[in-house]
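So the chains spell out like this:
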Amino acid sequence: MPSAKIIWTRIDEAPALATHCLLPIVQAFTKGTGVEIETADISLAARILAHFPEGLSEEQRMPDDLSRLGELAKTPAANILKLPNISASVPQLMDAIAELRAQGFDIPEFPEEPKTDADEALRTRFAALLGSAVNPVLREGNSDRRPAAAVKAFAQKHPHKMMKDWPESGSQTRIAHMRGGDFFGSERSLVVDAQTTASIEFVPADGETTVLSDGIAITAGEVIDAAVMSVTALRAFYAETMDEAREKDALLSLHLKATMMKISDPVMFGHAVWVYFAEALEEHAEALGEIGANINHGIADVLEKLDRLPEEQRAKVEAALEACYESGPALAMVDSSKGITNLHVSNNVIIDASIPVLVRDGGRMWNRDDALQDTIAMVPDRSYATMYQAVITNCQEHGQFDPATMGSVANVGLMAKKAEEYGSHDKTFFAPAAGTIRVLDAAGTTLLEHAVETGDIFRMCQTQDISIRDWVRLAVNRARASKSPVIFWLDAEREHDAQLINKVEAYLPDHDTAGLDISIHNPVDAMNTSLERIRRGEDTIAATGNVLRDYLTDLFPILELGTSARMLSIVPLLEGGGLFETGAGGSAPKHVEQFRREGHLRWDSLGEYCALVPALEHLSRTTDNPRATLLAKTLDTAIGQYLEHARYPSRKVGEIDNRGSTYYLTTYWAEALAAQTTDTELQSRFAPIATALQEAEPTILAELLAAQGPPVDLGGYFHPDQEACAAAMRPSATMNAIIDALCE
């Protein structure tokens, strides 16, 4: 039987470790079925090595798998299973480079403090590796995210226990946002009628015009936007909110996304650090400048570099910083035991994960004493802050959600072709002085412009018409398939959304919408309607832009399922291929830390199991392969058994972990293949495998549990030794022999 490929991405941290356990099983089960599983390494380490090959030997060089997959995603042949990868911050990138250099890879050091043009050029090369460098390359389609039916049913039958009641005595928690001077208030938007090439210029009040970017391709019918964040207004907002938190004796927290919004948000984070620690940073500005402390990385960057100062001066800086803690509002903690605050590292608190946990924990975050406390959560830009406040208000009025009865909010997200803010990285700039930043077309006509002051953050966004048309099509299709209402979350008071409303209203008549409930509401009204329905146990589909897609597909799954890693994420690519994503990996670092410490991996591969089902179904449709259909159907049955018997990993060493969970999934899959009668050849092939796995259960579990307890040396964090990982994740000789026999 001719083979068709599913590309399985090799990535980072806990999902990468779990792959060493699961992938050999998938490859064994699919052998001889016309399904070929090929791997592509898009881990941070692999991307660094592929990006800087000049100092490497032939044996050390890595192919640029990300670029290869990016091209594949533009073809009908694409069938990509994409696992969570690191969206690297500067500190993470520097740690990865240091590890690679220690392993003998001649990678240049990251120029944290560029002093020459060569340093600036090198820093620009490294920028391609920062933040969410993977997703925009692969996401050549819009997203369809929802909980699989079996996962939702399990969540209602066995609701997670992480929900905490909102205090009956009242809550001071609120989402604090700016009232002016933000991206929302300044946004200007238009539709470009004809294809053109744009440029971005800075025109100072006095001096010569500077071209910030040129050669920006704009397609006919594209929506383009430009917006500015006023630094003066931002700092004033931070100062005002900090005063409020101190007066109300509430915790203070800041919620941004420095990974995905890798240019703007670290700087916005840095401004908050500056305002909170202003007295100390101003007093010791010269000394901190000499040691290269960068507050955009968080106060941790200052603390880590203090040992470069003479002892007496270091002590003065530490005392000044401690005085700021004492006089300022109490900060929400990331890790109370280690003294790590919300302002320590820019990528420690990621808004789409942190706000849902705040809601889950009754509107509270952890304080310095390791106790939960009401929190004033700063989300500066009004574009998304107000819909989060709607959730807070709803919980304050109606109490906590009940996972046993609540409905679902699935998502159809506009993300193809780097849509909206998530595609703005290369068009984000900081005003070098007072003046104007403007966007010009190829003829030199000004399309958009903004007056700016020194340090203001300018960004331009693009959303292609083909992406919008496909988004509307996908929303209609999901409404019909699910029989759930669709709400387009669009705000007529926001210029970008107003342009989208016009297009949505123009394109909906192209589809059969008879009998469908499709409406358009601003995000606050859309949230309120969705929450009313979810409390009644009813399902809703949110059709949103790219950022809201990201935020909502963490918010609702964390409340409903306990984690967003259990969401089904399907991306029907524009050219007919498929991208199947396996859920979020925000907790992956903690899982690796535990595994290295005591040999227990609590990562749940349910996301991988679920994503493989539609990947197999897609392959079956595109290649007319009935065995792929059968593999998908039986895997889906196995997932149902996995959930029914609660075979997911425990958090505690000495109990079932990822490897034990995968053993059970494997057994259930083999049993389903042995029980089916559609393909007798596969039935006879898997019947003895199912029997062998069943009979060896006590031995296999004993071998897996025996591997827990002692620390595990993986030979690296970002670039571990692959043989060491395989040995650690496949410690059962009995199970290995059964699985490997399938490949003979």
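Just above sits the structure.
Residues numbered from 1 in each chain as written. Predicted model: local features only at pLDDT ≥ 70, side-chain atom pairs only at ≥ 80, totals over all residues. Heavy atoms only, no water.

1. Observations regarding the environment of Arg 659
Relative to the assigned elements, Arg 659 resides in helix H24 (residues 658-675). Residue class for Arg 659 comes out buried when judged on its relative accessible area of 2%. When near neighbours in sequence (up to four residues on either side) are disregarded, Arg 659 contacts Cys 21, Phe 595, Gly 599, His 600, Leu 704, Ala 707, Gln 708, Ala 728, Met 729 and Pro 731. Among the polar contacts listed, one links the side chain of Arg 659 to the backbone oxygen of Gly 599, at a separation of 2.7 Å. (Helix = DSSP H or I, 4+ residues; strand = E, 2+ residues; numbered from the N terminus. Buried < 20%, exposed > 50% of the residue type's maximum accessible area, 1.4 Å probe, protein only. Contact = heavy atoms within 4.5 Å. Polar contact = N/O pair within 3.5 Å; in protein donor to acceptor, adjacent residues only side chain to side chain.)

2. Remarks on the nonpolar core
Ile 6, Phe 29, Ile 639 and Trp 669 are the most contacted members of the largest nonpolar core, which totals 76 residues. Leaving out residues up to four positions away in the same chain, Ile 639 has contacts with Leu 606, Tyr 609, Cys 610, Val 613 and Leu 665. Core analysis: the second largest hydrophobic core is formed by 42 residues, Val 275, Tyr 276, Ala 287 and Tyr 325 among them. (Core = buried A, V, L, I, M, F, W, Y, C linked by side-chain atoms within 4.5 Å.)

3. Some points on the sheet that holds strand E20 (residues 486-489)
Strands sit in the order E2-E1-E3-E24-E23-E4-E15-E22-E20-E21 across an open sheet of 10 strands; the sheet is mixed. The sheet is open, and its two borders are formed by strand E2 (35-41) and strand E21 (518-521), each paired with just one other strand. For this sheet the average axis-to-axis angle between neighbouring strands, irrespective of direction, equals 20°. Examined bridge by bridge, strand E23 (residues 567-572) and strand E24 (residues 578-581) share 4 bridges and lie antiparallel to one another. By the bridge assignment, Ile 570 is partnered in E24 with Phe 580. (Pairing = 2+ DSSP bridges. Axes fitted to C-alpha atoms, helices over the stretch in contact; angles between N-to-C directions.)

4. Remarks on helix H17 (residues 465-482)
Taking 1.5 Å of rise per residue, the 18 residues of H17 would be expected to cover 26 Å, and the 26 Å separating its terminal C-alpha atoms lies within 8% of that figure. For H17, the set of buried residues is Asp 465, Ser 467, Ile 468, Asp 470, Trp 471, Val 472, Leu 474, Ala 475, Val 476, Arg 478 and Ala 479. Where H17 terminates, the next one or two residues include Lys 483, which has phi positive at roughly 60°. (Expected span 1.5 Å × (residues − 1).)

5. Considerations on helix H25 (residues 680-695)
The end-to-end C-alpha separation of H25 is 23 Å, in line with the 22 Å expected for 16 residues at 1.5 Å each. Its maximal kink placed at Phe 686, H25 deviates by approximately 30°, while the proline Pro 688 follows within four residues. Regarding H25, the residues found buried are Leu 682, Phe 686, Ile 689, Ala 690 and Leu 693. Buried-residue contacts for H25 involve helix H1 (13-30), helix H23 (626-644), H24, helix H26 (697-706) and helix H28 (733-741). By the N-cap criterion, in which a side-chain oxygen at the helix start approaches the backbone nitrogen of a residue two or three places on, H25 is capped by Asp 679, the distance to Glu 681 being 3.1 Å. (Bend = angle between axes of the 7 residues up to and from the residue.)

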